[in-house]
Amino acid sequence: METTSQAATDEASDRAEKPGKQSPLEPSRPVDGFLRATFPWYGLDAAYTGPRSLLQAVAAADGTVQHGAVRHGSEPQIRPEAAVVAEGAEDGEDKQRFVVVITVAANPARTSGDGTGRLDATTASSAAWLAGSGLLSCTWPGQLDHTLRDDWLNQQTETAFDLADDLESSEWSTLSLPVDGVPTPFRYRESAYGWVLAGSADGVHLGAYGRGMSAYGLGFARIEDLRAYEG
């Protein structure tokens, strides 16, 4: 599995190796980084009618866009229970509803952009790792205080990395979802903090994570107009 940086998920973890020194692009507009990609971007299909937004496109040291993410629904709060209290929810019910879709370029094994090493091929595991670490980045168990969160995050990130590296393990189940209308197999797992899935489509690997919106019944489609995510 290629271990990419977690730029698709807002907060990178030090656990990930970063071949080629991948880093977030810093264009004048967020959409500019997405427009530089040579592969198609994916999001939820037209059945989803809620808000959409761009997160981040990530490039290797040579400027080649490697992966990125788009969000559907509300912006995740790093402490779900705080949002619940603010909204007056009862019985600890988490009212957050979001799905983040990650697109990873399907690359073969290759020389790193700076010529100093060799990068492994990207796979569905690459997308699974980004999705798993992304879900963790917006999670904070209520029983932990701020000083303990880093230790918890490092431990959980290590576990997410190991799980992503073995998508055939019993920790994952198979879920078939449409991609551009074609039934496509994904590997899927749930946790106390949300769900994660990963699979491959035409020329890309797709990952997704979410909370408050069921993965069952979702569909993915190529994004034809990124302006729909600029609002």
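Data block above holds the structure.
Residues numbered from 1 in each chain as written. Predicted model: local features only at pLDDT ≥ 70, side-chain atom pairs only at ≥ 80, totals over all residues. Heavy atoms only, no water.

K.L.:
Explain the overall build of the protein to me, please; I cannot follow it from the model alone.
P.N.:
When helices and strands are counted, the protein shows four helices and 12 strands. The buried share of the protein, taken over its 231 residues, is 52%. Long-range contacts, defined as pairs at least 24 residues apart, comprise 63% of the intrachain contacts of the protein with a sequence gap of at least 6. For the protein, the computed accessible surface area is about 10900 Å², with 48% contributed by carbon and sulfur atoms. (Helix = DSSP H or I, 4+ residues; strand = E, 2+ residues; numbered from the N terminus. Buried < 20%, exposed > 50% of the residue type's maximum accessible area, 1.4 Å probe, protein only. Contact = heavy atoms within 4.5 Å. Areas by Shrake-Rupley, 256 points an atom, 1.4 Å probe, with all protein chains shown as cover.)

K.L.:
How should the pairing of strand E4 (residues 65-73) be read in this particular structure?
P.N.:
Successive residues of a regular strand alternate their side chains across the two faces of the sheet. For E4, a buried count of nine out of nine residues is recorded, marking the element as mostly surrounded by other parts of the structure. Bridge count between strand E3 (residues 52-59) and E4: seven bridges; the pairing is antiparallel. Each bridged residue has a counterpart across the sheet, and for Val 58 the counterpart in E4 is His 67. Connecting E3 to the antiparallel partner E4 that follows it, the hairpin turn spans five residues, and Gly 63 within it adopts a positive phi of roughly 90°. (Pairing = 2+ DSSP bridges.)

K.L.:
Got a minute to help me understand a negative patch on the surface in this structure?
P.N.:
On the surface, Asp 162, Asp 165, Asp 166 and Glu 168 cluster together to form a negatively charged patch. Following the sequence through the fold, Asp 162 ends up in helix H4 (residues 146-164). (Patch = residues over 30% accessible without salt bridge, like charges linked within 9 Å, V, L, I, M, F, W, Y side chains within 5 Å. Salt bridge = Lys/Arg side-chain N within 4 Å of Asp/Glu carboxyl O. Lys, Arg positive; Asp, Glu negative; His and termini not counted. Charge placed at Lys NZ, Arg CZ, Asp CG, Glu CD.)

K.L.:
Is there a simple way to explain the nonpolar core in this structure?
P.N.:
Within the largest apolar cluster, 32 residues are counted, with the highest numbers of intra-cluster contacts made by Trp 41, Trp 195, Leu 197 and Phe 220. Here Phe 220 is in contact with Gly 43, Leu 44, Asp 45, Val 101, Leu 177, Pro 178, Val 179, Asp 180, Phe 186, Leu 197, Leu 206 and Ala 208, once residues within four sequence places are set aside. (Core = buried A, V, L, I, M, F, W, Y, C linked by side-chain atoms within 4.5 Å.)

K.L.:
Help me understand the environment of Lys 95, please; the structure alone is not making it clear to me.
P.N.:
Summarising the element assignment, Lys 95 is placed in the loop between helix H2 (80-87) and strand E5 (98-105). In this structure, the C-alpha to C-alpha distance between Lys 95 and Met 213, residues 118 residues apart in sequence, is 10.0 Å.

K.L.:
How should the pattern of salt bridges be read in this particular structure?
P.N.:
Once their charged atoms are close, side chains differing in charge can pair, the charge on each being opposite to the other. Overall, the coordinates contain one salt bridge when judged by the stated rule. A salt bridge links Arg 227 to Asp 225; its shortest N-O distance comes to 3.0 Å. Overall, Asp 225 belongs to the partly exposed group, its relative accessible area being 35%.

K.L.:
Would you mind going over the packing of aromatic side chains with me for this structure?
P.N.:
Each aromatic ring pair is specified by the distance between its two centres and by the angle formed by the two planes. This model, assessed by the stated rule, comprises six aromatic pairs. With centroids separated by 6.3 Å and ring planes inclined at 80°, the aromatic side chains of Phe 98 and Tyr 209 adopt a geometry described as edge-to-face. With Phe 98 in strand E5 and Tyr 209 in strand E11 (residues 204-211), the pair connects residues that are 111 residues apart, well separated along the chain. Classification of Phe 98 as buried rests on a relative accessible area of 0%. For Tyr 209, a relative accessible area of 2% corresponds to the buried category. Consider the rings of Phe 186 and Phe 220, whose centres lie 5.4 Å apart with planes at 45°: the pair is tilted. Taken together, the residues span a long stretch of sequence, with Phe 186 in strand E9 (residues 182-191) and Phe 220 in strand E12 (residues 220-222) at a distance of 34 residues. (Phe/Tyr/Trp six-rings, centres within 6.5 Å; stacked < 30°, edge-to-face > 60°.)

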